[in-house]
Amino acid sequence: MLGRNGCKEILQKVLGGSRADQTEALIIAQDISLTRFSNSAINQNVSEKRETLFIRVVIGRCIGSASTDRFDDQAIQRGLERATERAQLQTPSESPRFLPRPKPFQPITFFSDKTARYSPSQRAEDIQRLIQMASEEGLLAHGAHCTGTVEMGIANSLGVDAHCIHSGVTLNTTMTGQGGSGYSRFASRNIEGMDIQSIGREALEMCLANRGARPIEPGNYEVLLNSYAVSDLVMSIASIGLNASAFQEQRSFMCNQLGKQLLGENVTIWDDGLDTGGFNTPFDFEGVPKRKVIFFHDGVATGVTHDSLTASKAGAESTGHRGPPPGNKGPIPTNLFMRGGDSSMEEMIRSTERGIYIHRFHYVNVLAPKRAIITGMTRDGTFLIERGKMTKPLKNLRFTQSILDALSVVSLISKETKLVAPEAEYEIPFLTGSVVPALKIENFHFSGVSETDTSR
Amino acid sequence: MKDLIYTILDLGEAKGISYADVRVVEESLESYEVKDGLVEVAEWKEGYGFGIRVLHDGAWGFACSSSVNKIEMEDALTRALGIAESSGMARGKRIELFPIPTVQNRYHTPMERDPFAISPAEKLSLLIKAEGLMRGKPYISVSQAFMDIYKVRKVFASSEGSYIEQEIVECGAGIAATAAGGNEVQTRSYPNSFRGNFATGGYEFVEGLDLAGNAERTADEAAQLLFAQPSPSKVTTLILDSSQLALQIHESIGHPVELDRVMGMEVAYAGTSFLNFEKRGSFRCGSDSVNIIADATIPGGLGTFGYDDEGVKAQRIPILQNGIFLNFLASRETAREVGSQPNGTMRAESWNRIPLIRMTNINLQPGSWRFEDLVADTDDGIYMATNRGWSIDDQRLNFQFGTEVAWEIKKGKMGKMFKNPTYTGITPQFWNSCDGVAGEREWRLWGIPNCGKGQPGQVAPVGHGAAPARFRNVRVGVMG
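Source: prediction; values computed, not measured. (Residues numbered from 1 in each chain as written. Chains lettered and ligands numbered in written order. Predicted model: local features only at pLDDT ≥ 70, side-chain atom pairs only at ≥ 80, totals over all residues. Heavy atoms only, no water.)

J.: So, the overall build of chain B: which residues are in play, and what are the values?
T.: Each helix and strand in chain B was counted, giving 10 helices and 24 strands. Projected onto its principal axes, the C-alpha positions of chain B cover 75 × 55 × 35 Å. Per-residue burial for chain B yields a buried fraction of 66% across its 480 residues. When contacts within chain B are restricted to residue pairs at least 6 apart in sequence, those whose partners lie at least 24 apart make up 75%. Just so you have it, chain B exposes about 15500 Å², and 49% of that area is on carbon and sulfur atoms. (Helix = DSSP H or I, 4+ residues; strand = E, 2+ residues; numbered from the N terminus. Buried < 20%, exposed > 50% of the residue type's maximum accessible area, 1.4 Å probe, protein only. Contact = heavy atoms within 4.5 Å. Areas by Shrake-Rupley, 256 points an atom, 1.4 Å probe, with all protein chains shown as cover.)

J.: An account of the sheet that holds strand β11 (residues 292-295) of chain B is needed here, citing residue identities and associated values.
T.: Residue and element names in this part refer to chain B. The strand order β13-β12-β11-β16 describes an open sheet built from four strands, whose pairing is antiparallel. The outermost strands of the open sheet, each flanked by one partner alone, are β13 (324-325) and β16 (362-364). In this sheet, β13 lies alongside strand β12 (residues 316-321) in antiparallel orientation, the contact comprising two bridges. What sits directly across from Leu 320, in β13, is Phe 325. Against the sheet, helix α6 (residues 242-254) contacts β11, β12 and β16, and its axis sits at roughly 120° relative to β16. (Pairing = 2+ DSSP bridges. Axes fitted to C-alpha atoms, helices over the stretch in contact; angles between N-to-C directions.)

J.: Could you give an account of the pattern of salt bridges, with specific residues and numbers?
T.: Summed over the entire model, instances satisfying the criterion amount to 64 salt bridges over all chains. A salt bridge links Lys70(B) to Glu74(B); its shortest N-O distance comes to 2.9 Å. With a gap of four residues between them, Lys70(B) and Glu74(B) both fall in helix α2 (residues 70-87), about one helical turn apart. Given a relative accessible area of 28%, Glu74(B) falls into the partly exposed group. Between Glu160(B) and Arg332(B) there is a salt bridge whose closest N-O contact spans 2.9 Å. Residue Glu160(B) is found in the loop between β5 (140-158) and β6 (163-181), and its partner Arg332(B) is found in helix α8 (residues 332-338); the two are separated by 172 residues along the sequence. Of the residues examined, Glu160(B) reaches a relative accessible area of 35% and is grouped as partly exposed. In the salt-bridge network here, residues are joined through shared partners; they are Arg360(A), Arg379(A), Asp380(A), Glu423(A) and Asp394(B). (Salt bridge = Lys/Arg side-chain N within 4 Å of Asp/Glu carboxyl O.)

J.: Can you explain the domain arrangement of chain B? Please cite residues and give values.
T.: All names here are of chain B. Looking at the assigned domains, one finds that chain B contains domain 1 (2-227) and domain 2 (230-476). Computed from C-alpha coordinates alone, the two centres of domain 1 and domain 2 are separated by 21 Å. Counting from both sides, the interface comprises 50 residues of domain 1 and, opposite them, 47 residues of domain 2. Buried area between domain 1 and domain 2, summed over both chains or domains, comes out near 4100 Å², and the portion from carbon and sulfur atoms is 52%. Linking domain 1 with domain 2 are seven salt bridges. Residue Glu 337 pairs with Lys 93 through a salt bridge whose shortest N-O separation is 3.5 Å. Taken together, the connections running from domain 1 to domain 2 amount to 25 residue pairs in polar contact (both at pLDDT 80 or more). In terms of residue class, the side of domain 1 that touches domain 2 is made up of 25 nonpolar, 14 polar and 11 charged. (Domains from an automatic or database assignment. Buried area = accessible area lost by both parts, 1.4 Å probe. Polar contact = N/O pair within 3.5 Å; in protein donor to acceptor, adjacent residues only side chain to side chain. Nonpolar A, V, L, I, M, F, W, Y, C, P; charged D, E, K, R; others polar.)

J.: Explain the pairing of strand β19 (residues 413-419) of chain B to me, using residue names and the numbers behind them.
T.: All names here are of chain B. For strand β9 (residues 229-230) and β19, the ladder comprises two bridges, and the chain directions are parallel. Bridging from a neighbouring strand, Gln 229 pairs with Phe 418 of β19. In the sheet, strand β18 (residues 398-410) pairs with β19 via four bridges, with the strands oriented antiparallel. Bridging from a neighbouring strand, Trp 407 pairs with Met 417 of β19. Counting the residues in the hairpin turn of β18 and β19 gives two residues, including Lys 411, whose phi is positive at 50°.

J.: Residue-level account of the interface of chain B and chain A, with values.
T.: Contacts between chain B and chain A engage 93 residues on the former and 83 residues on the latter. When chain B packs against chain A, the two sides together hide about 7400 Å² of surface, and 49% of this comes from carbon and sulfur. Its largest share of buried area at the contact with chain A, chain B owes to Trp44(B), Glu46(B) and Gln455(B), together 11% of the area lost on that side. In this assembly, chain B and chain A are joined by nine salt bridges. Between Arg353(B) and Glu48(A) there is a salt bridge; the shortest N-O distance is 2.9 Å. On the surface where chain B and chain A come into contact, there are 45 residue pairs in polar contact (both at pLDDT 80 or more). Of all the elements, strand β2 (residues 38-56) of chain B adds the most residues to the side of chain B that touches chain A, at 11 residues. A class-by-class count of the residues in the side of chain B that touches chain A yields 39 nonpolar, 30 polar and 24 charged.

J.: Please provide a residue-by-residue account of the nonpolar core, values included.
T.: Counting 70 residues, the largest nonpolar core has Leu245(B), Tyr423(B), Phe430(B) and Phe471(B) as its most contacted members. When sequence neighbours within four positions are dropped, the list of residues in contact with Phe430(B) reads Leu238(B), Leu240(B), Gln248(B), Phe399(B), Tyr423(B), Phe471(B) and Val474(B). Among the nonpolar cores identified, the runner-up in size contains 47 residues, and Ile237(A), Ile240(A), Leu263(A) and Leu407(A) belong to it. (Core = buried A, V, L, I, M, F, W, Y, C linked by side-chain atoms within 4.5 Å.)

J.: Describe the packing of helix α1 (residues 2-14) of chain B against α2(B), and please don't skip the residues or the numbers.
T.: All names here are of chain B. Relative orientation of the contacting elements α1 and α2 amounts to 30°, with a least axis distance of 10 Å. The pairing of α1 with α2 is recorded here as roughly parallel in orientation. You can see that α1 and α2 cross each other, and the crossing is right-handed. For the pair formed by α1 and α2, the contact residues are Leu 4, Thr 7, Ile 8, Leu 11 and Gly 12 on the first element and Lys 70, Met 73, Glu 74 and Leu 77 on the second. Broken down by class, the residue content of the contact of α1 with α2 amounts to five nonpolar, two polar and two charged. (Parallel < 35°, antiparallel > 145°, perpendicular 65-115°, else oblique. Left-handed = near helix turned anticlockwise from the far one by under 90°.)

J.: Give me the lowdown on the domain arrangement of chain A, citing residues and values where you can.
T.: All names here are of chain A. Per the domain assignment, the segments making up chain A are domain 1 (3-209) and domain 2 (219-449). Between domain 1 and domain 2, the contact holds 48 residues from the first and 41 residues from the second. Considering only the side of domain 1, the residues that lose the most area to domain 2 are Tyr 183, Arg 185 and Arg 189, jointly responsible for 19% of the buried surface there. Summed over the shared surface of domain 1 and domain 2, the result is two salt bridges.

J.: Any chance you could break down the packing of aromatic side chains for me, citing the residues and the numbers?
T.: Residue and element names in this part refer to chain B. Scanning the entire structure with this criterion turns up 27 aromatic pairs over all chains. Between Phe 194 and Trp 390, the aromatic rings sit 5.4 Å apart at their centres with planes inclined by 85°, giving edge-to-face as the arrangement. You can see Phe 194 sitting in the loop between β7 (184-190) and β8 (197-200) and its partner Trp 390 sitting in strand β17 (residues 380-392), a full 196 residues away along the chain. When its relative accessible area of 47% is taken as the criterion, Phe 194 is described as partly exposed. Both rings, one in Phe 430 and one in Phe 471, keep their centres 4.1 Å apart while their planes meet at 15°; by these two values the pair is stacked. With Phe 430 in helix α10 (residues 427-432) and Phe 471 in strand β24 (residues 469-476), this residue pair connects regions lying 41 residues apart in the sequence. Among the aromatic residues, ring-to-ring pairing joins Phe 399, Phe 401, Tyr 423, Phe 430, Trp 431 and Phe 471 into one connected group. (Phe/Tyr/Trp six-rings, centres within 6.5 Å; stacked < 30°, edge-to-face > 60°.)

Structural data, given as structure tokens:
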């Protein structure tokens, strides 16, 4: 890690060397380690140290950008030249393209020294415990355990000067054997709260209960969704419709719907990058403080997230949602929350005459964004519920469902919520997650059943 | 650099490491996007770093850094060794590598015009022209043009004595028009969705795409989709265009033949495979019309290279022959486990990732039909083109795809356009229902630059050759 002063020195070199009207420099430094295990043995074990400098320059109403992993004077100069050259090529925008001005951001706690220093042997010890638990029941353990830190320093020529370091841990495990499979996932800024026994037990019990799955006819069913499954649904609608880019380009299901009842009155969903219950962070990738944005209040559509660019088009203020460079995916919400209710999974099961319990989804993808129709498979725990009890494990099912319709008929919501983070980060870890409850939904459409072989 | 790498490998040997490899990777990327008349993205990116992989006492360790110097490399070697020792705390079978010949060689992508030598202004003008032809057309709310060019110079050196230098150049481009009207939004893309088509090669590939020549048709089709009927829901005969078929090959054949998936090494994330060792050589995964080859040597393929990131030479391997499953994609580690051969398919996204088994160019061999004859021979069916979405289960059996557009086929003729087409199936049943593949005239290589795999996630550029093909008794029109 470079530290505040180390970052500042490089950022000031960039700003000092630029001849553009406005200049922004961003450093992202990662020190991340990840241990993967499969078939009850560690099979991949990696450590990454990466520092990258991103430069944006504004000339008139044009923006160019460049990035480099090298921090020497020549590389900085080359980056500035490339960014400037690209800005000069552009047709000036009709709408202003300015970098954000500085705003104060809230000091929040997001760093744990113990998490940052967690060693390969400590991760291996955690994994050994999971393997042991699985082994005692004749099962195999698989998964990934990731710990580390991400540092962000950002400065621009208008006075933005922001720096933070955050730690994080994620651990997911799948246990398999005897024809069953079960799953558990944990995420936090702080490893102190990680309970290996509890993580292992969830996956193990699900696997043992899930043996001998049988197919069921596809169709419409009442469903009980664990938080893992709810997270997939909420993250999906966030990426396709809850951001201003989709809204401004008429791609979003929120278009012409603000102020209208789109979901059930018991559903409230928001984004809050400052909430310590999630993967909180004080500012976005252009140094704008994070603000809470409510998307649905008691089911009524109320807003979308903005970055500086979409905000300037809308005459609004950025909500602190610019994504990682180059930022062209739009201001995608990354810290989602769904309001908990007063129920529990046990009560949901007890109150169900006939329905399906879903532990998690797999490979969820969008079919029709304007209607929020998505498809995906169930995985690692699908059960038939009959007369208030989970009676039979089921083969994996394919669903094809409008999420807006599903969230309009939520009958019960668990009091307990859980932070669910993505399983594999392709860009920067420990920044994205959703804190969601379990749900009971009155009507959910399954369009197919898998012929999955569960003999492993 | 060579001296520094050998110093590090010698140091590894002195520390008693049984195997080590060092990769030093230098990357350049230019990315452009023109949207609604503005240059939305004009990005230049360079990356530089190294990764050291060690096999110590039968267990793996890997460490990397973006600071390329002797001190950092020595530190990374020490870290990698420590990590390998930790791996040993929960080691399964002792890992051994399939022996391969050592190689000292160089490889570079053949090309006519280095895309990095073309000025940014020229590249942007190509996009601006194409985007401008779509903008302002009736119902078009968003018009976009994309271009990405990428160059990687990488050195691979192993403690066994291999030293390989490669320079691989990739480029591609595409356009997309989004039409909006009422509560409907539809997008058409050319030549493919998700930023276009990509290949290894020079700028001549981008120029050959003729984005401008296809811009108006693309925009017109997007607008027509607003008024098209929804795709019918039924079981029918399906003809897929070659770009959608490329993704079908990718998801339902390419991933299932990755040996790490078969061996359970991806259980917790991407999943496993419906294929297993017993099925090799006998399992009918497709009809006689289905012949699939993994070919890392084909000119222009996005998965074409000289050597993989274990130093194994690029190869051409039969995967399905007359529908019978023959071979997995295998690494040195997995091949050793199952008594097979490594086939040059281990690639890492960059210096900061370990190599994984990745598809190369997984190509459906051309058949003997002409596309117009496939249509003429179909009494009642549907033709779908250009991928819009995909999903498949963790054993790669139950899949569902959506495409941008479809057309009815009635009595051997193409009819009305349908919007929101989808189809679903079970992998072996689907490929066994294939009764016709178009020939070389319509066979085309498609590049997918972002195949995701692994934890931490990494993307790989892969290719798929395909010609339009016909499938019988397919369920279409699944929409909730």
